[in-house]
Amino acid sequence: RPVVGVLALQGDVREHAAALERAGARAVGVRRVSELEAVEGLVLPGGESTTIDKLLRLFELAEPLHRLIGQGLPVFGSCAGMILLADRIEGGTADQRTLGGMDVTVRRNAFGRQVDSFEADLDMSGVSDGPEPGPVRTAFIRAPWIERAGPQVEVLARIPAVSAHGTPTGAAAGKIVAARQGRLLATAFHPEITGDARVHGLFVRLVQASRRG
Ligand code: GLN
């Protein structure tokens, strides 16, 4: 079983750990550099990206993690985690930084305020067309979306143009909400709180594939 860390500075660490275990990994919390260096992949959970950014710097994890991402560490960022993986942010605070790695521009709090949180069924490629087919039950909580993605980025899911199964309309239509670039996977939504471990399964397979070089 691959050892996959969950960054445990803020956010719903336990739910990610449970989903990783269900997906066949051994999940461990990561708070220090020594723990970071021992994992084969890492999940960046949701929470508040500005807070996680500050804590990453305070715990002196930002620089080593940035370096490991550059060296090919597989990382899955959900919601605030997706913001941390983005090379560029819109709607960030003045001193907010990201780890970067994905050639995307994310818009923070893109769907609106907390009251605009929602659940929806979405088709995600690599999951909905995988061994257990079907749409993913997703939860969006003050979620970002990807405004623009570079040519290396593979789009895995979008908000459909026409509202279906709980998806919002208006400016959200067509926005990218799941993407992959090499060993980096990002979702605007939380797949860990709806009981669907298939997105974590996709990530665990990515970790296993990177083991083989
Ligand atoms: N709105 C949060 C941020 O900007 C993300 C919310 C989440 O992770 N659920 O960091």
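Computed from a predicted structure; not experimentally measured. (Residues numbered from 1 in each chain as written. Predicted model: local features only at pLDDT ≥ 70, side-chain atom pairs only at ≥ 80, totals over all residues.)

Take the overall build of the protein chain next. Within the protein chain one finds six helices and 12 strands. A compact globule built from 213 residues would reach a C-alpha radius of gyration of about 17 Å, and the protein chain, at 16 Å, matches this within 12%. Of the contacts made within the protein chain by residues no fewer than 6 positions apart, 68% connect residues no fewer than 24 positions apart. (Helix = DSSP H or I, 4+ residues; strand = E, 2+ residues; numbered from the N terminus. Rg over C-alpha atoms; globule rule 2.2 N^0.38 Å. Contact = placed C-beta atoms within 7 Å.)

Our next topic: the UniProt feature "active site" (unreviewed entry) in the protein chain. As recorded in UniProt, the sites labelled "active site" (unreviewed entry) are Cys79, His190 and Glu192. Spatial clustering of the annotated residues is evident: they stretch over 114 residues in sequence, but the largest pairwise C-alpha distance comes to 11.2 Å. Among the structural elements, cysteine 79 can be located in the loop between β4 (75-78) and α5 (80-85). Other than its neighbours up to four places away in sequence, cysteine 79 contacts Gly46, Ile141, Ala143, Pro144, Ala188, Phe189 and His190. Examined against the element boundaries, histidine 190 turns out to sit in the loop between β12 (184-187) and α6 (198-211). (UniProt positions renumbered as here; feature names shortened; annotations may be inferred.)

Here the focus is the confidence of the model for the protein chain. Across the protein chain, the average pLDDT comes to 95, with 98% of residues at or above 70. Reported confidences for the modelled complex are a pTM of 0.96 and an ipTM of 0.95. (pLDDT = per-residue confidence, 0-100.)

With that settled, the discussion passes to the environment of arginine 97. Position of arginine 97 relative to the elements: it lies in the loop between β5 (86-90) and β6 (102-107). On a C-alpha basis, the gap between arginine 97 and leucine 84 in space is 7.8 Å, while along the polypeptide they are 13 residues apart.

With numbering matched to this structure, UniProt assigns "binding site: L-glutamine" (unreviewed entry) to Gly47, Glu48, Ser49, Arg108, Ile141 and Arg142. These annotated residues cover 96 residues of sequence, and their C-alpha atoms all fall within 12.7 Å of one another, placing them together at a single site. Accessibility expressed as a C-beta count within 10 Å gives 29 for serine 49, which makes it buried. With near-sequence residues (within four places) excluded, serine 49 lies in contact with Ala80, Ile83, Leu84 and Arg108. (Buried ≥ 20, exposed ≤ 12 C-beta atoms within 10 Å, placed from the backbone.)

The subject of this paragraph is unusual backbone geometry. Excluding glycine, residues mostly have negative phi values, and the peptide bonds linking residues are mostly trans. The phi dihedral of arginine 142 is positive, around 45 degrees, even though this residue is not glycine. You can call arginine 142 partly exposed: it has 18 C-beta atoms within 10 Å. Positive phi, normally seen in glycine, also occurs at histidine 165, with a value near 50 degrees. Along the chain, histidine 165 falls in the loop between β10 (154-158) and β11 (176-181).

Counting 67 residues, the largest nonpolar core has Val4, Leu20, Leu42, Leu85 and Trp145 as the members making the most contacts within it. When residues of this core are assigned to their parent elements, the largest contribution, six residues, is made by α6. In this view, tryptophan 145 contacts Val106, Arg107, Ala110, Ala172, Lys175, Ile176, Val177 and Ala188; residues no more than four positions away in its chain are not counted. (Core = buried A, V, L, I, M, F, W, Y, C linked by C-beta atoms within 7 Å.)

This part is about the pairing of strand β8 (residues 136-140). Every second residue of β8 is oriented toward a common face, the buried set being Val136, Thr138 and Phe140 and the non-buried set Arg137 and Ala139. Here strand β7 (residues 118-122) pairs with β8 via five bridges, running antiparallel. Across the sheet, the residue bridging to glutamate 119 is alanine 139, located in β8. (Pairing = 2+ DSSP bridges.)

Attention now goes to helix α1 (residues 13-22). Every buried residue belonging to α1 is among Val13, His16, Ala17, Ala19 and Leu20, and all of these are buried. Each buried residue of α1 sits inside an arc of 165 degrees when the element is viewed along its axis, so together they form one side. Among the structural elements, β1 (3-7), β2 (26-30), β3 (41-44) and α6 are those in contact with the buried residues of α1. Of the residues one or two after α1, glycine 24 is the one with positive phi, at around 100 degrees. (Arc of directions from axis to C-beta.)

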